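# Descriptive analysis of the structure
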Amino acid sequence: DLDNADVTQPEDARKHEKFWFEDGNIVLRCHKTYFRVHQSLLALHSKVLRDMFTVATPEHRVDNDIPSVSLSDAPRKVARFLNFLYYQTEVGPKH
């Protein structure tokens, strides 16, 4: 479960085990997987996310009132992207 989660979140939503940073300042919601990460790092490396953060008003707040945005991408793809940003490595099969 997510601490102090918004009541509209799915009951089976889960924190990603690797990409849930206590000092993260934005939550990416991908289906039922949640990633608490650092907005400035994502914006620095992704024009798409930077633009999304600029124009989008987060519609939900989770875990102690942290803003969140919804992504339509599969959680495994988001995790691979984050793994590359944070650790400069790829994991999993290449498609």
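Below you will find a few notes about this structure. Worth saying up front: this structure is predicted, and the values here are computed from it rather than measured.

### Let's talk about the overall build of the protein chain
- Along the backbone of the protein chain there are 3 helices and 5 strands.
- Beginning at the N terminus, the succession of helices and strands in the protein chain can be written as β-β-β-α-α-β-β-α.
- Sorting the 95 residues of the protein chain into buried and exposed places 40% on the buried side.
- When contacts within the protein chain are restricted to residue pairs at least 6 apart in sequence, long-range pairs at least 24 apart make up 47% of them.

### Some words on the nonpolar core
- In this structure, Leu28, Phe35, Val37, Leu42 and Leu82 are the most contacted members of the largest nonpolar core, which totals 18 residues.
- The set of elements that each furnish at least two residues to this core consists of strand E2 (26-30), strand E3 (33-37), helix H1 (39-45), helix H2 (47-55), strand E5 (66-71) and helix H3 (75-87).
- Top contributing element to this core by residue count: H3, with 5 residues.
- Excluding its chain neighbours within four sequence positions, the residues that come into contact with Phe35 are His16, Phe19, Trp20, Ile26, Val27, Leu28, Cys30, Pro75, Val78, Ala79 and Leu82.
- Formed by 6 residues, the second largest nonpolar core is a distinct cluster that contains Ala13, Trp20, Val27 and Ile66.

### Section: the sheet that holds strand E4 (residues 60-62)
- Ordered by their spatial adjacency, 5 strands build an open sheet running E1-E3-E2-E5-E4, and the pairing between neighbours is mixed. Strands at the two margins of the open sheet, each flanked by one partner only, are strand E1 (14-20) and E4. Recorded for the sheet is a direction-independent mean angle of 40° between the axes of neighbouring strands.
- In the sheet, E1 pairs with E3 via 3 bridges, with the strands oriented parallel.

What counts, and where the lines are drawn
- Residues numbered from 1 in each chain as written.
- Predicted model: local features only at pLDDT ≥ 70, side-chain atom pairs only at ≥ 80, totals over all residues.
- Heavy atoms only, no water.
- Helix = DSSP H or I, 4+ residues; strand = E, 2+ residues; numbered from the N terminus.
- Buried < 20%, exposed > 50% of the residue type's maximum accessible area, 1.4 Å probe, protein only.
- Contact = heavy atoms within 4.5 Å.
- Core = buried A, V, L, I, M, F, W, Y, C linked by side-chain atoms within 4.5 Å.
- Pairing = 2+ DSSP bridges.
- Axes fitted to C-alpha atoms, helices over the stretch in contact; angles between N-to-C directions.

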